[in-house]
Amino acid sequence: MKKDKAHLVAFIGVMFALIFVLFMLEGALSIVAGISTCVLSLPVAIALSVYDDWKNSFIGGTLLGVSSCIFCLIFGMAVYANPLVAVLPRLLMGVVAYWTYFGLSKLFGRAKRRYFRKVFPASIAAVAGTLTNTVLYILAIGVFVDKSIMGVGAQLMQIAVAIYFPIEIVASFALVPVYVAVMKRVSNRYVVKKKPAEAVESASDVGLGEQ
């Protein structure tokens, strides 16, 4: 089997649009009700980072970071639009999540219960990715954001992130396994192109299943 590059690019484009819309929605809520959690966009970004091979492990986090940059520029928060603050922590988030998922999948690959083979690795990878995102984001603010410009804003941001962090952990733990399963199914159907022999074998399997 090989990947159809055109469909892969289209798939990633659709995921970017979804992450962007979700992040904008969360950002709009934050303007009304204060800083909101990334309970929708973050799990999608983590799932996009782990569902496939290591070459794509940076994509989900990068797309989330780019969405964050655009949001900050649109809503006058340019101090947070620095790629070292908005993008780099999310890029590393995806890499950490992927290798956590990969290692646990290998470790529990022969487990009898489907939960440990499929769900548990994705859930723990989600926790690892969320933890990486939060810790590195706070550190990036402390290192790369000029405190003279922000005043007490940096401290308030760090406090808000710490408060909402448990909510993001729970959301990612629950949602990422679902998103990973959906992305794998969509990818296998539209992105992965089967060789003729494999297509014939799949067709024969379907025929046997219908008898």
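Remember, it's a predicted structure, so these values are computed and weren't measured experimentally.

Colleague: Describe in detail helix H3 (residues 59-74), supporting the description with residues and values.
Modeller: For H3, spanning 16 residues, the distance from its first C-alpha to its last is 23 Å, which sits close to the expected 22 Å at 1.5 Å a residue. Taken across its 16 residues, H3 has twelve buried, putting it largely inside the fold. Just past H3, the residue Gly-76 takes up positive phi, approximately 70 degrees.

Colleague: So, the packing of aromatic side chains: which residues are in play, and what are the values?
Modeller: Per the stated rule, a full pass over the model turns up eleven aromatic pairs. Pairwise contacts between aromatic rings join Phe-108, Tyr-115, Phe-116 and Phe-120 into one cluster. Taking the ring centre of Tyr-137 as reference, the NZ or CZ of Arg-90 above it sits at 4.8 Å.

Colleague: Tell me about the nonpolar core, and name the residues and values.
Modeller: One recurring pattern in soluble globular proteins: nonpolar side chains tend to sit buried together. One finds Leu-48, Val-180 and Met-183 to be the most contacted residues of the largest nonpolar core, which totals 39 residues. Listed by contribution, the elements that provide at least two residues to this core are helix H1 (5-33), helix H2 (41-50), H3, helix H5 (88-107), helix H6 (114-144) and helix H8 (153-191). Met-183 has contacts with Phe-11, Met-15, Val-44, Ala-47, Leu-48 and Tyr-51, leaving out every residue within four places of it along the chain.

Colleague: Break down the state of the cysteines for me, with residues and values.
Modeller: All told, the structure shown has zero disulfides when counted by the stated rule. Between Cys-69, a cysteine without a disulfide, and Cys-72, which holds the nearest cysteine sulfur, the sulfur-to-sulfur distance is 6.8 Å. What makes Cys-69 buried here is its relative accessible area of 10%.

Colleague: For H5, give the residues involved together with the corresponding values.
Modeller: Here H5 spans 29 Å end to end across 20 residues, near enough to the 28 Å set by a 1.5 Å rise per residue. Those residues of H5 not exposed but buried are Pro-89, Arg-90, Met-93, Gly-94, Ala-97, Tyr-98, Tyr-101 and Leu-104.

Colleague: Describe the packing of H2 against H5, listing the residues and the values that go with them.
Modeller: Running from N to C, H2 and H5 cross one another at 60 degrees; their axes reach a closest spacing of 8 Å. In terms of axis orientation, H2 runs oblique to H5. Of the two possible hands of crossing, H2 and H5 adopt the one that is right-handed. Contacts from Leu-42, Ala-45, Ile-46, Ser-49 and Val-50 of H2 reach H5 at Met-93, Gly-94, Ala-97, Tyr-98 and Tyr-101. Taken together, the residues that form the contact of H2 with H5 break down as eight nonpolar, two polar and no charged.

Colleague: Which residues make up the confidence of the model for the protein chain, and what values go with them?
Modeller: Within the protein chain, residue pLDDT values average 82, and 80% of them lie at 70 or more. When pLDDT is averaged over each element of the protein chain, H2 comes out on top at 95 and helix H9 (residues 196-210) at the bottom at 45. The model gives residues 198-211 a pLDDT under 50, and that stretch makes three contacts with residues more than four places away or in other chains.

Colleague: Describe the environment of Leu-92, and please don't skip the residues or the numbers.
Modeller: If you trace the backbone, Leu-92 turns up in helix H5. The exposure class assigned to Leu-92 is partly exposed, which follows from its relative accessible area of 34%. If sequence neighbours within four positions are ignored, Leu-92 has contacts with Thr-132 and Leu-136.

Colleague: How would you summarise the side chain of Arg-90 if you had to cite specific residues and measurements?
Modeller: Considering the arrangement of structural elements, one finds Arg-90 in helix H5. For Arg-90, which is buried and forms no salt bridge, the nearest opposite charge comes from Glu-168, at a distance of 7.2 Å. At a separation of 3.4 Å, a polar atom in the side chain of Arg-90 contacts the side chain of Ser-68. In this structure Arg-90 touches Gly-61, Thr-62, Leu-64, Gly-65, Ser-68, Asn-133 and Tyr-137, once residues within four positions along its chain are discounted.

Colleague: Break down the side chain of Glu-26 for me, citing the residues and quoting the values.
Modeller: Along the chain, the position of Glu-26 falls in helix H1. Within the buried core, Glu-26 has no salt-bridge partner, and the shortest N-O distance to an opposite charge, that of Arg-90, equals 8.4 Å. A polar contact of 2.7 Å, which involves the side chain of Glu-26, links it to the backbone nitrogen of Leu-40.

Reading the values: the criteria
Residues numbered from 1 in each chain as written. Predicted model: local features only at pLDDT ≥ 70, side-chain atom pairs only at ≥ 80, totals over all residues. Heavy atoms only, no water. Helix = DSSP H or I, 4+ residues; strand = E, 2+ residues; numbered from the N terminus. Expected span 1.5 Å × (residues − 1). Buried < 20%, exposed > 50% of the residue type's maximum accessible area, 1.4 Å probe, protein only. Phe/Tyr/Trp six-rings, centres within 6.5 Å; stacked < 30°, edge-to-face > 60°. Lys NZ or Arg CZ within 6 Å of the ring centre and 35° of its normal. Core = buried A, V, L, I, M, F, W, Y, C linked by side-chain atoms within 4.5 Å. Contact = heavy atoms within 4.5 Å. Disulfide = S-S within 2.5 Å. Axes fitted to C-alpha atoms, helices over the stretch in contact; angles between N-to-C directions. Parallel < 35°, antiparallel > 145°, perpendicular 65-115°, else oblique. Left-handed = near helix turned anticlockwise from the far one by under 90°. Nonpolar A, V, L, I, M, F, W, Y, C, P; charged D, E, K, R; others polar. pLDDT = per-residue confidence, 0-100. Lys, Arg positive; Asp, Glu negative; His and termini not counted. Salt bridge = Lys/Arg side-chain N within 4 Å of Asp/Glu carboxyl O. Polar contact = N/O pair within 3.5 Å; in protein donor to acceptor, adjacent residues only side chain to side chain.

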